[in-house]
Each structure stands twice: as C-alpha cells, then as structure tokens.
Amino acid sequence: MGPPGAVPAEGGQDCADLSVLVRCAAGYCDGQASAMIRYVLGRFLSLVLSLVVASIVIFAVIEVIPGDPASFMLGVNARADTLAALRAEMGLDQPLPVRYFAWVTGLLTGDFGNSWTYKTPVAELVSDRIWVSLPLAIYALILSTLIAFPAGIYAASRRGSAGDVTIMGATQLGVAIPNFWFAMILVLIFAINLRWFSAGGFPGWDNPMQALKALTLPAIALALPQAAILARVMRSSLLDMLGEDFIRTVRAKGLSRRQALWRHAVRNALIPVLTIIGLQFSFLLAGGIIIEQVFFLPGLGRLIFQSISARDLIVVESVVMLLVFTVIVVNFLVDLAYAAVDPRLRRKA
Amino acid sequence: MSLLAIKDLSVQIGQAEILHGINLSVQAGEIVAITGESGSGKSMTALATMGLLPRGAQTQGTVMLDGIDILTTPEPALCQMRGNSMGMVFQEPMTALNPVQTIGAQVAETLLVHRNMPRREAHRQAAEVLQRVGLTVPPDRYPHELSGGQRQRVVIAMAIALRPKLLIADEPTTALDVTTQARILALLRELVSAFDMGLLIITHDLAVVADIADRIVVMQKGRVVEAAPTQTLLAEMRHPYTKSLFAASTHQVDLPDRAPAAPLLRVANVDRDYPMPREKLLGPRPRFRALHDISFEVEHGERVGLVGESGCGKSTLTRAILGLEDVQGGQIMLDGQPVFTGRHPNLTVRRKMQVVFQDPYSSFNPRHRVDRLITEPFHLLERPPTGPARDAAITKALADVGLSPSDGRKYIHEFSGGQRQRIAIARALIVEPELIIFDEAVSALDVSVRAQVLDLIADLCRKRPLGYLFISHDLSVVRTVTDRVLVMQAGRIVEQGPTEDVFNNPQHPYTKSLIAAAPQLPDITHAPETV
C-alpha cells in the first residue's frame, strides 16, 4: 500500500518527535522535565482514546445507515443467492466486531479497502485528493493568520480609533458573508473579468507555481471569513491582556505602550487565539467541500460528497476517519503549542 | 528643593473631578504615606505622579520630580523616567507579573529598556537585584511558582533595579499576610535608607502608616484634608475626618456577655487530604494533608475567632464545616448530627448554619432583587414561608441589619460595599441559624464601614444569642468581636483559648510571631517614636 495508507502509525510517531521539538524550543531542559513529559503523555493518551472512540462511532453510524452496499451494487433486481455470495465476498456476513477489527487493522496497516464504485484502493483515491485538500487548508490558514494577526493587533492597539472601527466593521462583514458567494465574486472579478486566474480545476503538482496559482482564489475565499473571526478573537483577547495588572507594571518599568503590547500582551493573548486556529484548521480541511465544488477542485470534500451519493460507504468511512484523525492530531499540536506559550502548563506550581 | 513636589494638582476625567488641588512633597530619604478610604484619590495621585493617568484625564497644576514637570513631559521622555528615576510597586502581587516570563527576565527588562547592555549582563545584574530584595529562589522561575510575598519582592526588584530617586508603593502589603507584610515593610524601609530614595506609600491601613511613615497625608474625596509629620499628626489630629478614621480603625465593639451553654458545633479529630499531581510518571498520587487532627467546639451563642495566614487551611475547614466536602478522618457534628451524610450535605443541619463571605461585590447574583437574594436560604426549609409570612420575614431580616423594607425591591448594584455586607448578613439571618460563619466578612471594607458592620454584629448578639465562627487574618478585629480564638498554622490548630488570654499571653511561638508582626496603632495620647 502507498505511503498515505501508513498515515495513522507514522502520524503518531511524528507527534512524539514534535513534542521533543516543542520542548527544546521552549528552552526546556532541566530536572522538572517530568512534568512536561507527563503533560505530553497525557495529551497523547487522550489523542489515542479520541481516535478509538471516533472509529467506533464512525463504524457504528455507517452500519446503521440503511442500504447494504452489496444490494446497492447489484441493483434492485438481484437474485438472493448472488447477493449472498457478494456479501460473503465483501465480508458483510461477518459479525460486527469482527468487521470492526478487520477495518481498524486494515487502517493501521494502510489497507483502506477497495472502493466499490471506483474499483480502486481507497488509499489511492485519498492520496490523490489529500494533496489538494491539505495544501489548500494550510494555504488558507496561513492567509487567514497573516490577515488576522496584524488586523487584530492594530485594532486593539488603537481601540476606538477610525482604524479600529473600520477593521471591526470589515470583520463583521467577513463573518456574515457566505464563503461560496464570496468565491463566486472572486471568480467573476479575477478569473472572468481580469483573467488573472483560472476559474477552477487543478493542474497537479508537476508545476508547483501553477498548482499554487490554482489554489489561490479558493484559499482566499476560505481564508477571509476565518480571518474575520480570528481578528476579532485576537483583538478582544489582546484588549483583555492590555487591561491586566502586569501591563501596568511593565509600563511603570518604562516600556512604551507599544513595547508593552508587543513584548507582553501579544504572547499572553495567543493562548485563546491558538484554540481558534486549531478549530479553524479542522474546518478548513473538512469543510472546504463547498469551495471545492465552486472551484472544481478534486479534493477530499468532493470525494466524500460523491461517495455518499454513490453509497460507496467504505470510502466514506475511511475518509471521515482520516479527517477525524487529522483534526485530533491538530488539536494535539495545539495542546503542545499551549505548553510552549504558557509555562504554567509546563511545570507544576 | 523637594524630590517630589505636587502643587495644586487637579484631575478631571470626563465630567467627574477626581482630585482637587492636591499639594504634597517628598524629600530624598523620606517616607511619606497617603492614607484615606476607597475613592479618596490616593491611587490617582500615584498614577498622576508616574504619568500613567487613564487616557482622557484632564490635569491642572504641577507634579515636579527633581525639577521636571511630569504633567507637561511628553510620553517618550516619561518612558525614560519611569523605571529609571521613579519606580512603582502595586497592590496585587498575584497579577502584577507577566505569567509567561521568568522573574529574572522581567527584572532584566527594566535594565535592558534603560541601559545599553548585553542581555547576559542584564540577567546577571537582575539576579543580584533579586538577591538584594531578599528573594531566595533562582531567577529562572515563573511567577506562578512563587508565593505572594516572593512575587511582591520581584515587583520591588523591578522597581528599584536602577535605583530610582522616587519609589511609589500603592497598597504594597494589603494583599499579604501579617508576617509577610512586616518583612516587606522592613525591606522598603531598609531600601529607602540604603539608596537615599524618597518613598511615597499609599495605604488604607493606619497601623502600617503610623509604623513606617515620616509624614502622613490624609485624603478624603479627592482632597488633602490634613498633612503633618507622623508624631504631630497622631498627637494633634486637627481634622475631624482624621479623627474619625483613627477612631474607626481602633474601634472596639461592645460585645454582650454570655453564659456558658451546651456545645453546638463539635469538630473532632478532623483530617482533610487533597490528592496532588503524581511526582513520577506512574507513581502513586501523593496526598496533601490540609487539615491535621482538628478538634474544637463552639457552644450555643458563642463567638469564636479563627486566625491564621493564607494557606493555613481556614477555607478548607470552612468548607468541611458547611458539609460541602467530606473529610478523610474524624467527624463534624452540629447539634448532635453529622454535617455530611453519604454524598450530600445534611440539609437538616445546613439550615442551622449560614455563611457570610468576604467579597460583597461578587457574592450576589446581580440580576435578582434584594428580596429574592436574601430569601435564598429558604430552599433549605421543608415548608418555606410564602405570601405575607415571607414578606414579614424579609422585612424583619432587613430591619435587623438596619435597612428599610423598600430596599427589598432594589438591585444589588444600588448598594455600597458596606450595605451589601449588611444584605449578606440579612441573607444569613433570615432562616434564624444557630451558627453563622463569617469568612473574612469585613476584610474588604473601609475602616469606618467595617466599624459599623462590627457594631451591627454586636447588636445582633444583644438581640438574641448568636453563635458564630469569625474567620479573619485581621487580629485586631478578631480580638474585639470574639470570646474565644483558635490559631491555625499549616493545617493544625496550634493554640486556642479565651481571646484576651491568647492575645495578652500567647503560648505558641507562631501565635507570638503573628501578634508581633501585626502593625499596631500607637496609643494616641503618647506620641510614638518613628523609625
């Protein structure tokens, strides 16, 4: 099986390595490391538990959906003995726990099973599409952060000014406008009128510049509403911090308003902002389906959509599990980022 | 020329005039204390001196520091002066430090902002300054790993790292225990003489003022009402407000006598353990014993005080007595019945016991009217009064605490701190409990209001036998409102006995140190010596 099939096992390894990285980045190498290790292990344990629970829930939901894949494949007029033979071939006659464990062991060894409609291994289907959806999500997240951080910080540092009011008004709009509508406007302006970008489709990664260009409009359409939310969170979190006693203390030390903001308020304000970034990444990866439709991108969202229509349940099952896996890993990374930002989580009081 | 000379300072924010024509001065090596009740403008005077007034504040007059007028100095030059020629220490050490930076880095920042030096050198000097203020923990610690007193030392280190000419300390010891307070005050005094620094200390605590200050400035409602050298002021006290302030802080209530009675609350050999985080990855969870073998009794109508420093287990004991948490050893009985049965507080016992908390601002639901707030304990009764009986109970409870029946229709924000504490007492009284727990119930109040609330408690005792457990860190208050006192240290009761005996002749070394550390107002008829 191809490399994407091995994602769960390798992903787990990556996370452990990352935790070491984060720890070193935090300048953390003394005798109290055990508290940090305990924190990371605790988070890791919760990651594994979440994955187990999620897999059971996904499996159960798919099982209770009416419509047996075998009968769907053979059509309504299939003979009972043919149906039974196909069921046996697909393993559908086995008891539920056996099928669950077969599915999970398959996932762990990279065997996602075969798609019933495409007649190809699910792993291949996913590996093609994840190279669209994952870069798109990361691209959108980077854009969203690049827009939101300066906007939020600027608005907070000049609270009540014309700039603040303008930015807050713009974020209000950004939250309210649906992203697919915004995507269509982008296509209208930049693809149809100005002809700077193509209106849809994805040329593949053979030419990275072309690929990035094809992802630019979808990434902007995804990023702007997220940036609006993130900017608002950044602003309010920073304003909370600027009202804290320790900001008054550093002002009394002789730091200017600006220095107090950048050196002290921003890092403390990042803690709630990180939570939102984690949630947003999950949304961008799994929730890009509408944007993928608008721009005709062969991403995971479209794959799920088509598989659901075709009752290709093994694909749905596996892709949903993969998305859940990504979301849980991202949350784990966010937890590690908390520890990097906030020493109260690294050491015991 | 004075180091600091404030002349005719007025500050206006919006339409409200906060300060009116303030005049005061501080010489090098002199300790000047500003005192007064909340809202008197003490802190605003300090912030004006630091050039840290809130935005939109309109000022008049001059604030001259070493010949430079702070009020007309542009912001960049003020940044140069703050931390360099003037430093400030704030009230709340728990929140005054950046939680995500080490204490060493925070002290080094003062040096780095003002002096051109390598980072390594700044950290070395910061470690020296931290030692200078008597901090024994290494500079790579984070604020949450330090106690309140240690954090206050860090804040002081940040303020004095560059040896400013003027140090402003705004209620620097208000949030600290008495023994810690004594050490911090001693440190400030020592730094003033070592650095020949001027110290402007702001405190509502007159005992602290009398103890440390060379000169006292009394403020009321944004004006200076009296200012004089400490001895002169204590001896003469020209202004009636000064007199009332001192009278209120030494206020003695007239507690009615009581006859011995049967025991009401019986706490026998109580232990309370909390699980702690594991020390090793898979090791057992260590336990922290918050209460060790606590035993005492409170009789019907007896007034018992409980004193001790923060972390000694006072709050844990309160929760255990209220039956909010189970105990790991021993038993707590009220009127012969256990306060905790199975997994729940015992309701038949709970209605005989009520509690009044410290913070009158956060212990009420702001969206309920007072009549609903004070009838909250009715849910403990099997058949709560309704209709006219309920109204009568509300009227009586409000009258008991000196409020009128019409106050029942108001919301809590319409009342001052002292009135809110009266309402909290009314809420406790409405079910006519046998025992009231006052948990730091007067600690957040100004001295004059505190005196009134203490008088109210004494009055209530006169009307009917009222037993209470009065928990406080303030020894002078406990002394005047209790018959008997318990002294707690590190989860144990180290001494107990009749209040006057314990205060006059403490046996345990800890009790002795507590009483010695508590600053006392000098007997006003004799001029005290200043240090």
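- Where an unreviewed UniProt entry is consulted, chain B appears under the name Peptide/nickel transport system ATP-binding protein, with the organism given as Yoonia sediminilitoris.
- In its Sequence similarities (unreviewed entry) section, UniProt records this for chain B: "Belongs to the ABC transporter superfamily."
- Per UniProt, chain B carries the Subcellular location (unreviewed entry) text "Cell inner membrane".

- Per an unreviewed UniProt entry, chain A is named Peptide/nickel transport system permease protein, and its organism is Yoonia sediminilitoris.
- Its UniProt record gives chain A the following Subcellular location (unreviewed entry) comment, quoted word for word: "Cell membrane".
- UniProt lists a comment for chain A under the heading Sequence similarities (unreviewed entry), and it reads "Belongs to the binding-protein-dependent transport system permease family."

## Overview of the overall build of chain A
Moving on, step 1. If you tally the helices and strands in chain A, you get 15 helices and zero strands.
Moving on, step 2. Residues counted as buried form 45% of the 349 residues belonging to chain A.
Moving on, step 3. Long-range pairs, those at least 24 residues apart, make up 74% of the contacts in chain A with a sequence separation of at least 6.
Moving on, step 4. A total of about 16900 Å² of accessible surface is found on chain A, and carbon and sulfur atoms cover 68% of it.

## Some points on the UniProt feature "transmembrane region" (unreviewed entry) in chain A
Moving on, step 1. Per the UniProt record, "transmembrane region" (unreviewed entry) is annotated on residues 44–65, 136–155, 167–192, 212–231, 269–291 and 319–341 of chain A.
Moving on, step 2. Annotated as 100% helix and 0% strand, the span residues 136–155 of chain A places its first and last C-alpha atoms 28 Å apart.

## Some thoughts on the layout of surface pockets
Moving on, step 1. Approximately 1000 Å³ is the volume found for the second largest pocket.
Moving on, step 2. At the level of secondary structure, the elements contributing two or more residues to the lining of the second largest pocket comprise α6 (122–157), α9 (208–242), α10 (245–252) and α11 (257–286) of chain A together with α1 (42–50), β4 (57–65) and α2 (75–81) of chain B.
Moving on, step 3. With five residues, the top contributor of residues to the lining of the second largest pocket is α11 of chain A.
Moving on, step 4. Across the lining of the second largest pocket, the residue classes break down as 18 nonpolar, five polar and nine charged.

## A closer look at the packing of α11 of chain A against helix α14 (residues 313–341) of chain A
All names here are of chain A.
Moving on, step 1. One can describe the packing of α11 onto α14 by two numbers: an axis separation of 9 Å at closest approach and a directional angle of 170°. In terms of axis orientation, α11 runs roughly antiparallel to α14. Facing R267, I271, L274, T275, G278, F281, S282, L285 and A286 of α11, the residues of α14 in contact are L323, T326, V327, V330, V334, A337, Y338, A340 and V341.
Moving on, step 2. Class assignment of the residues belonging to the contact of α11 with α14 gives a composition of 13 nonpolar, four polar and one charged.

## Some thoughts on empty space enclosed by the protein
Moving on, step 1. In total, this model carries four cavities of 30 Å³ or more according to the counting rule given.
Moving on, step 2. For the largest cavity, the calculated volume is near 50 Å³.
Moving on, step 3. Looking at the largest cavity, the residues that line it are T249, A252 and K253 of chain A together with G83, M86, G87, M88, V155, M158 and A159 of chain B.

## Description of the sheet that holds strand β6 (residues 86–89) of chain B
All names here are of chain B.
Moving on, step 1. Across the sheet, six strands lie side by side as β6-β7-β8-β3-β9-β10; this open sheet has mixed pairing. At either end of the open sheet lies a strand with only one pairing partner, and these are β6 and β10 (223–229). When strand polarity is set aside, the average angle formed by the axes of neighbouring strands in this sheet is 15°.
Moving on, step 2. As defined by bridge partners, strand β9 (residues 215–220) adjoins β10 across six bridges and the pair is classed as antiparallel.

## Some remarks on the nonpolar core
Moving on, step 1. One finds L238, F295 and V319 of chain A to be the most contacted residues of the largest nonpolar core, which totals 92 residues.
Moving on, step 2. The element best represented in this core is α14 of chain A, accounting for 18 residues.
Moving on, step 3. Formed by 60 residues, the second largest nonpolar core is a distinct cluster that contains M117, A169, L206 and V209 of chain B.

## Description of the side chain of Q354 of chain B
Residue and element names in this part refer to chain B.
Moving on, step 1. For Q354, the location among the structural elements is in strand β18 (residues 353–356).
Moving on, step 2. Judged by relative accessible area, which is 9%, Q354 ranks as buried.
Moving on, step 3. Apart from residues no more than four positions distant in its own chain, Q354 is found in contact with P377, L380, R427, A428, V431, P433, L435, I436 and I437.

## Let's talk about the interface of chain B and chain A
Moving on, step 1. Contact residues are listed per partner, giving 34 residues for chain B and 30 residues for chain A.
Moving on, step 2. Note on chain B versus chain A: buried area summed over both sides is about 2900 Å², and carbon and sulfur give 53% of it.
Moving on, step 3. On inspection of chain B and its partner chain A, the count reaches three salt bridges.
Moving on, step 4. R251 of chain A serves as the salt-bridge partner of E75 of chain B, at 3.3 Å between the closest nitrogen and oxygen.
Moving on, step 5. Summed over the shared surface of chain B and chain A, the number is twelve residue pairs in polar contact (both at pLDDT 80 or more).
Moving on, step 6. Contributions of two or more residues to the side of chain B that touches chain A are made by α2, β6, α3 (103–114) and α5 (148–160) of chain B.
Moving on, step 7. In terms of residues, the side of chain B that touches chain A owes the most to one element, α3 of chain B, which gives five residues.

## Re the confidence of the model for chain A
Moving on, step 1. Of the residues in chain A, 87% have a pLDDT of 70 or more, and the chain-wide mean is 81.
Moving on, step 2. Considering only residues more than four positions removed or in separate chains, one finds that residues 1–31 of chain A, a stretch of pLDDT under 50, has 36 contacts.

## Section: the pairing of β6 of chain B
On a regular strand, one side chain projects to one face of the sheet and the next to the other, so that they alternate.
All names here are of chain B.
Moving on, step 1. Residues M86 and M88 of β6 are buried on one face, and the alternating residues G87 and V89, pointing to the opposite face, are buried as well.
Moving on, step 2. Sheet topology places β6 next to strand β7 (residues 166–170); four bridges connect them, and they run parallel. Bridged to M86 within β7 is L166.

## A few points about the packing of aromatic side chains
Moving on, step 1. Inspection of the entire model under this criterion finds ten aromatic pairs over all chains.
Moving on, step 2. When the centroid spacing of 5.2 Å and the interplanar angle of 85° are considered together, the rings of F438 of chain B and Y468 of chain B count as edge-to-face. With a gap of 30 residues between them, F438 of chain B in strand β19 (residues 435–439) and Y468 of chain B in strand β20 (residues 467–471) connect regions that are remote in the sequence.
Moving on, step 3. On the accessibility criterion, F438 of chain B (0% relative accessible area) is buried.
Moving on, step 4. In textbook terms, an aromatic cluster arises when at least three aromatic residues are bridged by ring pairs, as seen for F59, Y100, F101 and W103 of chain A.
Moving on, step 5. In this arrangement the basic side chain of R272 of chain B is found over the ring face of Y274 of chain B, its NZ or CZ atom lying 4.3 Å from the centre.

## Examining the pairing of strand β3 (residues 31–35) of chain B
Residues and elements named next belong to chain B.
Moving on, step 1. Within β3, five of the five residues are buried, which leaves the element mostly enclosed by the surrounding structure.
Moving on, step 2. Side-chain alternation along β3 places I31, A33 and T35 on one buried face and V32 and I34 on a second face that is also buried.
Moving on, step 3. Direction of pairing for β3 relative to strand β8 (residues 198–202): parallel, over a ladder of four bridges. Across the sheet, A33 pairs through a bridge with I201, a residue of β8.
Moving on, step 4. Sheet topology note: the β3/β9 ladder contains four bridges and is parallel.

## What about the domain arrangement of chain B?
Residue and element names in this part refer to chain B.
Moving on, step 1. If you check the domain split of chain B, you get domain 1 (4–92 + 165–249) and domain 2 (263–515).
Moving on, step 2. With nine residues of domain 1 in contact, the opposing surface of domain 2 contributes nine residues.
Moving on, step 3. Between domain 1 and domain 2, roughly 940 Å² of surface is buried when both sides are summed, and carbon and sulfur atoms account for 48% of that area.
Moving on, step 4. Across the domain 1-domain 2 interface, the total number found is zero salt bridges.
Moving on, step 5. Linking domain 1 with domain 2 are four residue pairs in polar contact (both at pLDDT 80 or more), by the criterion used here.
Moving on, step 6. Those elements that provide at least two residues to the side of domain 1 that touches domain 2 are α6 (178–195) and α9 (240–249).
Moving on, step 7. Across the side of domain 1 that touches domain 2, the residue classes tally to three nonpolar, four polar and two charged.

## As for the side chain of E440 of chain B
Residues and elements named next belong to chain B.
Moving on, step 1. Considering the arrangement of structural elements, one finds E440 in the loop between β19 and α15 (447–463).
Moving on, step 2. Buried charge without a partner: E440 forms no salt bridge, and the closest opposite charge is K314, 4.1 Å away.
Moving on, step 3. Of note is the side chain of E440, whose polar atom sits 2.4 Å from the side chain of S443.

## Things to note about the sheet that holds β4 of chain B
All names here are of chain B.
Moving on, step 1. In space, the four strands of this open sheet follow the order β2-β1-β4-β5, with antiparallel pairing throughout. Two strands close off the open sheet at either side, each with one partner strand: β2 (16–26) and β5 (68–69).
Moving on, step 2. In this sheet, β4 lies alongside strand β1 (residues 4–13) in antiparallel orientation, the contact comprising eight bridges. If you follow L4 over to β4, its bridge partner there is L65.

Criteria and thresholds
- Here the residue index of a chain counts from 1 through its sequence in written order.
- The order in which chains are written sets their letters, starting at A; the order in which ligands are written sets their numbers, starting at 1.
- Since the coordinates come from a predicted model, pLDDT governs what is reported: local features require at least 70, and pairs of side-chain atoms require 80 or more to be given and counted, while whole-chain, interface and lining totals use all residues.
- Only hydrogens and water are set aside when side-chain values are computed; all heavy atoms of the structure are taken into account.
- UniProt positions are given in the numbering used here, feature names are shortened, and annotations may be inferred rather than shown by experiment.
- Helix and strand definitions follow DSSP, with helices as H or I runs of at least four residues and strands as E runs of at least two, each counted in order from the N terminus.
- Only protein chains enter the accessibility calculation, which uses a 1.4 Å probe; a residue whose area is less than 20% of its type maximum is buried, one above 50% is exposed, and one in between is partly exposed.
- By definition in these notes, contact holds between two residues if any of their heavy atoms fall within 4.5 Å.
- Note that accessible areas follow from Shrake-Rupley with a 1.4 Å probe, and for residues the cover is restricted to the protein chains shown.
- Points on a 1 Å grid, built from protein atoms alone, make a cavity when a 1.4 Å probe fits but cannot get out and make a pocket when they are open with protein on both sides within 12 Å along at least 5 of 7 lines; residues with an atom within 4 Å of a point are the lining residues.
- Grid points are joined across faces, edges and corners, and a volume is the space filled by probe spheres set on the points.
- Note on residue categories: nonpolar means Ala, Val, Leu, Ile, Met, Phe, Trp, Tyr, Cys or Pro, charged means Asp, Glu, Lys or Arg, and polar means any other residue, Gly included.
- For helices, the fitted line uses only the C-alpha atoms of the stretch in contact; every axis is such a line through C-alpha atoms, and the angle between N-to-C directions lies from 0 to 180 degrees.
- Between 65 and 115 degrees an angle is taken as roughly perpendicular, under 35 as roughly parallel, over 145 as roughly antiparallel, and anywhere else as oblique.
- Only strands joined by at least two bridges in the DSSP assignment are considered to pair.
- In this description, a nonpolar core means a group of buried Ala, Val, Leu, Ile, Met, Phe, Trp, Tyr and Cys residues linked to one another through side-chain atoms lying within 4.5 Å.
- Two parts placed together each lose some accessible area under a 1.4 Å probe, and the buried area is that loss summed for both.
- A side-chain nitrogen of Lys or Arg and a carboxyl oxygen of Asp or Glu constitute a salt bridge if their distance falls within 4 Å.
- In protein, a polar contact means a hydrogen-donor-capable atom and an acceptor-capable atom, both N or O and within 3.5 Å, with residues adjacent in sequence counting only if both atoms are side-chain atoms; elsewhere, any N or O pair within 3.5 Å suffices.
- pLDDT is a residue-level measure of predictor confidence that goes from 0 to 100.
- Put simply, two rings from Phe, Tyr or Trp (the six-membered ring, in Trp's case) pair if the centres are within 6.5 Å, and we call them stacked under 30 degrees between planes, edge-to-face over 60, tilted for the rest.
- Note on geometry: a ring has a charge over it if NZ (lysine) or CZ (arginine) is within 6 Å of the ring centre and within 35 degrees of the ring normal.
- Domain segmentation is taken from an automatic or database assignment of domains.
- Positive charge is attributed to Lys and Arg, negative charge to Asp and Glu, and no charge count is given to His or to the chain ends.

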